[in-house]
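A closer look at the structure
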Amino acid sequence: MALDKSVDQSRASKRPLAQAGLQSERLLWPAKKGVFEEEVEQMEDALGLTTLEKAVAWAQTKSMWPATFGLACCAIEMMSIVSSRYDIARFGMEKFSSSPRQADLMIVSGRVAHKMAAPLRQVYDQMLEPKWVIAMGACASSGGMFNNYTILQGVDKIVPVDIHVPGCPPRPEALMEGIVRLHEKIMAGVPPAYQIRGAAS
Ligand code: SF4
């Protein structure tokens, strides 16, 4: 039954089921709790309420597999995040996939020489969607100190980047921070960078 128009909406229940859109007058009416209302409250405490989108985003962030792909000194810092000291397995990410078809995160760790641009793009293209890219370090983000004709001045010229991690090299903690920020973007419903870039073009 829909809530009567005369009911003061500000006094309506703030219980999760009411906020989730259950439009029962007995649930929304705050005064004089009956047995039914108490049982509903117990049920709310025992259940977890979510949406399909949030559940999918949660699964994506908790099973994100990076591609095994290292380019220069930053890669040494990247490798250490699987060690017991940093333990990326806490995020369900202990598996660095050797096959791009089983990876959904590319961590570009190091400077990208022009001759590596095509193989890097090929690995990215072979990854299945949805997929994300982290540019790790000054070189991957902007060419860093290598302002010359051999080095790509930013990997975002050839792949859409979701997160830039600053530093030369960024410590493993900084990379972990970038990964956590990426997870937060996904949980907030921000689409991958290739979708944003595609919509803008
Ligand atoms: S950012 Fe620094 S540590 Fe990383 S690849 Fe460039 S020079 Fe090496």
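Before reading on, note that the structure itself is shown above.
Report on the accompanying structure.

**Here's the deal with the site of the ligand**
Every residue close to the ligand is listed here: Ala 72, Cys 73, Cys 74, Gly 110, Arg 111, Ala 138, Cys 139, Met 145, Phe 146, Gly 167, Cys 168 and Pro 169. Broken down by secondary-structure element, the contributors of at least two residues to the shell around the ligand are helix 5 (73-79) and helix 7 (137-142). Classifying every residue of the shell around the ligand gives nine nonpolar, two polar and one charged.

**As for the sheet that holds strand 1 (residues 105-109)**
Overall, parallel pairing links the three strands, which are arranged 1-2-3 in an open sheet. Looking at strand neighbours, the two that pair on one side only are strand 1 and strand 3 (163-165), the edges of this open sheet. Between one strand axis and the next, the sheet turns by 20° as a mean value, whatever way the strands run.

**Examining the packing of aromatic side chains**
The description of two aromatic rings rests on the distance between their centres and on the angle between their planes. Under the defined criterion, the tally for this structure stands at zero aromatic pairs. Here Lys 131 stacks its cationic end above the ring of Tyr 124, 4.2 Å away from the centre of that ring.

**What to know about the packing of helix 4 (residues 52-61) against helix 8 (residues 172-187)**
Between helix 4 and helix 8, the shortest axis-to-axis distance is 9 Å and the interhelical angle comes to 160°. By the angle between their directions, the pair helix 4 and helix 8 is classed as roughly antiparallel. Seen along the crossing, helix 4 lies across helix 8 with a hand that is right-handed. Touching Lys 54, Ala 57, Trp 58, Gln 60 and Thr 61 of helix 4 are His 183, Ile 186 and Met 187, all from helix 8. Here the contact of helix 4 with helix 8 is composed, by residue class, of four nonpolar, three polar and one charged.

**What about the pattern of salt bridges?**
With the rule as written, the count across this model stands at four salt bridges. Across the pair Arg 121 and Asp 125 runs a salt bridge, and its minimum N-O distance is 3.0 Å. Of the two residues, Arg 121 and Asp 125 are both situated in helix 6 (residues 114-126); the distance of four residues between them amounts to about one turn of the helix. Arg 121 gets classed as partly exposed once you look at its relative accessible area, which sits at 31%. Look at Asp 125 and you get partly exposed, because its relative accessible area is 45%. Each member of the salt-bridge network shares a partner with another, and the members are Glu 177, Arg 181 and Glu 184.

**Regarding the environment of Gln 60**
The topology assignment puts Gln 60 in helix 4. A residue is classified by how much of its surface remains accessible, and Gln 60, at 24% relative accessible area, is partly exposed. A sequence separation of 123 residues divides Gln 60 from His 183, and the C-alpha atoms of the two residues are 8.6 Å apart.

**Let's talk about the side chain of Lys 131**
Relative to the helices and strands, Lys 131 resides in the loop between helix 6 and strand 2 (132-136). One buried charged residue, Lys 131, forms no salt bridge at all, with the nearest opposite charge on Asp 125 at 4.9 Å. At 2.8 Å, the side chain of Lys 131 and the backbone oxygen of Tyr 124 are in polar contact. Polar contacts involving the side chain of Lys 131 include one to the main-chain carbonyl oxygen of Met 127, which spans 3.0 Å.

**Overview of the nonpolar core**
Ranked by internal contacts, the top residues of the largest apolar core, which has 19 residues, are Met 64, Leu 105, Ile 134, Leu 175, Ile 179 and Leu 182. Contributing elements (two or more residues each) for this core: helix 5, strand 1, strand 2, strand 3 and helix 8. At five residues, the largest contribution of residues to this core is made by helix 8. Setting aside residues up to four positions removed in sequence, Leu 105 forms contacts with Met 64, Trp 65, Pro 66, Ala 67, Met 93, Met 127, Trp 132, Val 133, Ile 134 and Leu 182. Among the nonpolar cores identified, the runner-up in size contains 18 residues, and Val 123, Val 133, Ala 135 and Val 159 belong to it.

What counts, and at which threshold
- Each chain carries its own residue numbering, running from 1 in the direction its sequence is written.
- Reporting of local features is limited, given that this is a predicted model, to residues whose pLDDT is at least 70; pairs of side-chain atoms are given and counted only at 80 or more, and all residues count toward the totals for whole chains, interfaces and linings.
- Excluding hydrogens and water, the side-chain figures rest on all heavy atoms present in the structure.
- Each residue is tested against the molecule or strand, and it is near if at least one of its non-hydrogen atoms lies within 4 Å.
- Only DSSP runs of H or I covering at least 4 residues are called helices, and only runs of E covering at least 2 are called strands; the numbering of each starts at the N terminus.
- Throughout, the ten residues Ala, Val, Leu, Ile, Met, Phe, Trp, Tyr, Cys and Pro are labelled nonpolar, Asp, Glu, Lys and Arg are labelled charged, and all others, Gly among them, are labelled polar.
- For two strands to pair, DSSP has to find at least two bridges joining them.
- The axes used here are C-alpha line fits, helices contributing only the stretch in contact, and every angle between their N-to-C directions lies in the interval 0 to 180 degrees.
- To pair, rings of Phe, Tyr and Trp, with the six-membered ring standing in for Trp, must have centres within 6.5 Å; the planes then decide the type, stacked if under 30 degrees apart, edge-to-face if over 60, and tilted in the middle.
- The rule is short: NZ of Lys or CZ of Arg within 6 Å of the ring centre and within 35 degrees of the ring normal puts a charge over the ring.
- Throughout this description, any angle smaller than 35 degrees is read as roughly parallel, any larger than 145 degrees as roughly antiparallel, any in the 65 to 115 degree range as roughly perpendicular, and the remainder as oblique.
- A clockwise turn of the near helix away from the far one marks a right-handed crossing, whereas an anticlockwise turn of less than a right angle marks a left-handed crossing.
- Working rule for contacts: check all heavy atoms of both residues, and any pair within 4.5 Å makes them a contact.
- When a carboxyl oxygen of Asp or Glu is within 4 Å of a side-chain nitrogen of Lys or Arg, the pair counts as a salt bridge.
- Exposure classes here rest on a 1.4 Å probe applied to the protein chains alone. A residue is buried below 20% of its type maximum, exposed above 50%, and partly exposed in between.
- Counting rule applied: Lys, Arg positive; Asp, Glu negative; His and chain ends not counted.
- Pairs of N or O atoms within 3.5 Å make up the polar contacts considered here, provided that, within protein, one atom can donate a hydrogen while the other can accept it, and that residues adjacent in sequence are counted only when both atoms are side-chain atoms.
- Among buried residues, the Ala, Val, Leu, Ile, Met, Phe, Trp, Tyr and Cys ones that are joined through side-chain atoms within 4.5 Å form a nonpolar core.

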